[in-house]
Amino acid sequence: NAGVTQTPKFQVLKTGQSMTLQCAQDMNHNSMYWYRQDPGMGLRLIYYSASEGTTDKGEVPNGYNVSRLNKREFSLRLESAAPSQTSVYFCASVLQISTDTQYFGPGTRLTVL
Amino acid sequence: GENVEQHPSTLSVQEGDSAVIKCTYSDSASNYFPWYKQELGKRPQLIIDIRSNVGEKKDQRIAVTLNKTAKHFSLHITETQPEDSAVYFCAASIGGSQGNLIFGKGTKLSVKP
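### A short note on the overall build of chain B
Thought 1: Helices and strands together make up the secondary structure of chain B, namely zero helices and 11 strands.
Thought 2: Secondary structure of chain B in N-to-C order comes out as β-β-β-β-β-β-β-β-β-β-β.
Thought 3: The C-alpha atoms of chain B give a radius of gyration of 14 Å, which matches the 13 Å a tight globule of 113 residues would have.
Thought 4: C-alpha extents for chain B along the principal axes are approximately 45 × 30 × 20 Å.
Thought 5: Counting all 113 residues of chain B, 42% fall into the buried class.
Thought 6: Partitioning the intrachain contacts of chain B with sequence separation of at least 6 by distance along the chain shows that 53% fall at a separation of at least 24.
Thought 7: Carbon and sulfur atoms provide 46% of the accessible area of chain B, an area that totals close to 5,700 Å².

### Some words on the interface of chain A and chain B
Interface size is commonly expressed as the accessible area that is lost once the parts come together.
Thought 1: Listed per partner, the contact involves 22 residues of chain A and 19 residues of chain B.
Thought 2: Interface area for chain A against chain B, summed over the two sides, is near 1,800 Å², with a carbon-plus-sulfur share of 52%.
Thought 3: Taken together, chain A and chain B are joined by four residue pairs in polar contact (both at pLDDT 80 or more).
Thought 4: Every element with two or more residues in the side of chain A that touches chain B is listed here: β4 (31-38) and β5 (42-49) of chain A.
Thought 5: Take the side of chain A that touches chain B: its biggest share by element is four residues, from β5 of chain A.

### Observations regarding the state of the cysteines
Residues and elements named next belong to chain A.
Thought 1: Counted under the stated rule, the structure contains two disulfides over all chains.
Thought 2: Each disulfide pairs two cysteine sulfurs, and for cysteine 23 the partner residue is cysteine 91, the sulfurs being separated by 1.9 Å. Between cysteine 23 and cysteine 91, the disulfide has an S-S torsion of -70° and is therefore left-handed. On the criterion of sequence distance, the pair formed by cysteine 23 in strand β3 (residues 19-25) and cysteine 91 in strand β9 (residues 87-94) is long-range, its members being 68 residues apart.

### Looking at unusual backbone geometry
Thought 1: Along the chain, threonine 7 of chain A connects to proline 8 of chain A via a cis peptide bond; the corresponding omega equals -5°.
Thought 2: By secondary structure assignment, the location of proline 8 of chain A is in the loop between β1 (4-7) and β2 (10-13).
Thought 3: Cis rather than trans, the peptide bond between histidine 7 of chain B and proline 8 of chain B has omega equal to -5°.
Thought 4: With a phi close to 55°, glutamine 60 of chain B is a non-glycine residue in the positive phi region.
Thought 5: Here glutamine 60 of chain B lies in the loop between β6 (56-59) and β7 (62-67).
Thought 6: Located in the positive-phi region is lysine 71 of chain B, a residue other than glycine, with phi close to 60°.
Thought 7: Within the secondary structure, lysine 71 of chain B is located in the loop between β7 and β8 (72-77).
Thought 8: Note on lysine 71 of chain B: relative accessible area 25%, which makes it partly exposed.

### Focus: the pairing of strand β3 (residues 19-25) of chain B
Looking along a regular strand, one sees the side chains alternate between the two faces of the sheet.
All names here are of chain B.
Thought 1: By the alternation rule, side chains of β3 split into Ala19, Ile21, Cys23 and Tyr25, which are all buried, and Val20, Lys22 and Thr24, of which none is buried.
Thought 2: With four bridges connecting them, strand β1 (residues 4-7) and β3 associate as antiparallel partners. Counted as the bridge partner of valine 4 is tyrosine 25 from β3.
Thought 3: Two strands pair when backbone bridges link them, and β3 and β8 are joined in this way by six bridges, in the antiparallel orientation. Bridge pairing in β8 links alanine 19 to isoleucine 77.

Cut-off values and rules
Residues numbered from 1 in each chain as written. Chains lettered and ligands numbered in written order. Predicted model: local features only at pLDDT ≥ 70, side-chain atom pairs only at ≥ 80, totals over all residues. Heavy atoms only, no water. Helix = DSSP H or I, 4+ residues; strand = E, 2+ residues; numbered from the N terminus. Rg over C-alpha atoms; globule rule 2.2 N^0.38 Å. Buried < 20%, exposed > 50% of the residue type's maximum accessible area, 1.4 Å probe, protein only. Contact = heavy atoms within 4.5 Å. Areas by Shrake-Rupley, 256 points an atom, 1.4 Å probe, with all protein chains shown as cover. Buried area = accessible area lost by both parts, 1.4 Å probe. Polar contact = N/O pair within 3.5 Å; in protein donor to acceptor, adjacent residues only side chain to side chain. Disulfide = S-S within 2.5 Å. Pairing = 2+ DSSP bridges.

Written out as structure tokens, the structure is:
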């Protein structure tokens, strides 16, 4: 039981490049999330998927797209990376939205030059 | 929009002292309040949570109190140890049919031996 896994762990991009961050969970959770964490800003929600087949915007969705590929996987795509997207990205999952524990992945540290 | 205010942003205590971190929230419909601990370079991990039908919850040296009337909740750590040094985040569920969590900006706790 690996919990929540993320790939890659580190990534450096040039401005304008694209990439996809991958997240998978093996806990049969229904809901999944993508957060970004910047110094002094806490965790801010980018997108979430309440259930398989649905996705919704969070607090800071601009510049990102997501795909809930199946119940296990939730990917985050940067179509044209900008230096402002330099951050640590965390994926999380929860069995029941809002009232259950969110389990976080190990994070992806992204630098955009 | 809804928000969670967390204070203080940094806290330094001597080993063995108590530490208190306070959060206020704005959404009257919030009913779930988790606390996460994040060690340097690691993922956030749940340490304790409380639901709106409970005023206080304890787990060994950690306790959380909730005052729904005043819309604030607090984390109390007694007999602090150096391994308690980390960043602590409070969060509150956002009301509505698909409520999510909104996080405070974090408190960096340093426990000096």
